[in-house]
Amino acid sequence: RNFMRELNQRAVARNFRVGLIEGIDKLTSSSWHALLKTLEEPPSSLVIIATAENPYALPLTVRSRAQLCQFNVLPLKILAHSLGELGLSETEASELAALSQGRPGLALNWLNHPDKLTDYKAEAGKFVELLNGDYQTRFSFTESVSREAEKSRADLENLMWHWLTILHDGWLISLNNPERASHQF
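On a predicted model such as this, the values are computed, not experimentally measured, just so you know.

Caption draft 1: Quick peek at the nonpolar core. In terms of nonpolar packing, the biggest core is built from 13 residues, with L83, L96 and W110 touching the most fellow members. Going through the elements one at a time, α4 (76–85), α5 (90–99), α6 (104–112) and α7 (114–132) are the ones with two or more residues in this core. When residues of this core are assigned to their parent elements, the largest contribution, four residues, is made by α5. One finds I24, W32, L36 and L58 within the second-largest nonpolar core, a separate group that totals seven residues.

This is how it looks when you write it as structure tokens:
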């Protein structure tokens, strides 16, 4: 709310004000409501730049009032080289670049929070086990996920995106293109 109040003030030195919201897809519902009012009737001198890992996790009311500007991922070799300059071994840098699919923000997030990378790898392992499991195992898993009240729609969308990535990697490996896969099985 303070951020929005500050942005709605008249520009002092220039003709416009710019605000940056990192991780807009992680905002709470009360933050959404405060932001939505400004998005509905923005001052002509206001520009808001927001970043999101998953723009589809944003409420439709926010997405409909925004202009999407998608940034391409970095080539894996360039990202791996940059990660190597931060002190990672060549193997670690290559793995992190591949798992993040060329997204430097995600790679740096995992580098700064190794527990999140561990969780990501654990989820990938669970999915591979699920694919190899029988129908009963798959249905039990589906039932357990549907009962988890703490999982938000964004959490489920991220899980589905993760699974699609793993399936895509399996497809690449089956086509004899394992070097293009993010995950190594």
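Caption draft 2: Local environment of the packing of aromatic side chains. The full count for this structure, using the stated rule, is three aromatic pairs. Each ring, one from W110 and one from Y120, has its centre 4.6 Å from the other, and the planes form 45°; the classification is tilted. Taken together, the residues W110 in helix α6 and Y120 in helix α7 connect sequence positions ten residues apart. In this structure, W110 and Y120 share a single accessibility class: buried. Ring geometry for F127 and W163: centres 4.6 Å apart, planes at 20°, overall stacked. With F127 in helix α7 and W163 in helix α9 (residues 153–174), the pair connects residues that are 36 residues apart, well separated along the chain.

Caption draft 3: View of the pattern of salt bridges. Following the criterion strictly, the structure yields four salt bridges and no others. For the salt bridge of K26 with D25, the shortest nitrogen-to-oxygen distance reads 3.4 Å. Between E123 and K126 there is a salt bridge whose closest N-O contact spans 3.7 Å. Residue E123 and its partner K126 are located together in helix α7, separated by three residues, close to a single helical turn.

Caption draft 4: Structural view of the environment of L99. You can see L99 is positioned in helix α5. Each C-alpha atom of the pair L99 and Y120 lies 9.3 Å from the other, and the pair is 21 residues apart in sequence. Ignoring any residue separated from it by four or fewer positions in sequence, one finds L99 in contact with W110, L117, Y120, K121, S182 and H183.

Caption draft 5: Fine view of the pairing of strand β1 (residues 17–21). Of the two faces of β1, only one is covered, namely that formed by R17, G19 and I21; the face formed by V18 and L20 stays uncovered. Sheet topology note: the β1/strand β2 (residues 46–50) ladder contains five bridges and is parallel. Its bridge partner being in β2, R17 is matched across the sheet by L46. Between the parallel elements β1 and β2, the chain passes through helix α2 (residues 29–40) in a crossover that is right-handed.

Caption draft 6: A look at unusual backbone geometry. Not every positive phi belongs to a glycine, and Q101 is a case in point at roughly 55°. On the secondary structure map, Q101 appears in the loop between α5 and α6. For N176, which is not glycine, the phi torsion reads 65° and is therefore positive. When you line up the elements, N176 lands in the segment after α9. Relative accessible area serves as the criterion here: at 64%, N176 is assigned to the exposed category.

Cut-offs applied
- Residues numbered from 1 in each chain as written.
- Predicted model: local features only at pLDDT ≥ 70, side-chain atom pairs only at ≥ 80, totals over all residues.
- Heavy atoms only, no water.
- Core = buried A, V, L, I, M, F, W, Y, C linked by side-chain atoms within 4.5 Å.
- Buried < 20%, exposed > 50% of the residue type's maximum accessible area, 1.4 Å probe, protein only.
- Helix = DSSP H or I, 4+ residues; strand = E, 2+ residues; numbered from the N terminus.
- Phe/Tyr/Trp six-rings, centres within 6.5 Å; stacked < 30°, edge-to-face > 60°.
- Salt bridge = Lys/Arg side-chain N within 4 Å of Asp/Glu carboxyl O.
- Contact = heavy atoms within 4.5 Å.
- Pairing = 2+ DSSP bridges.
- Right-handed = clockwise from strand over helix to strand, strands pointing away.

Coordinates in, geometry out; function isn't part of it.
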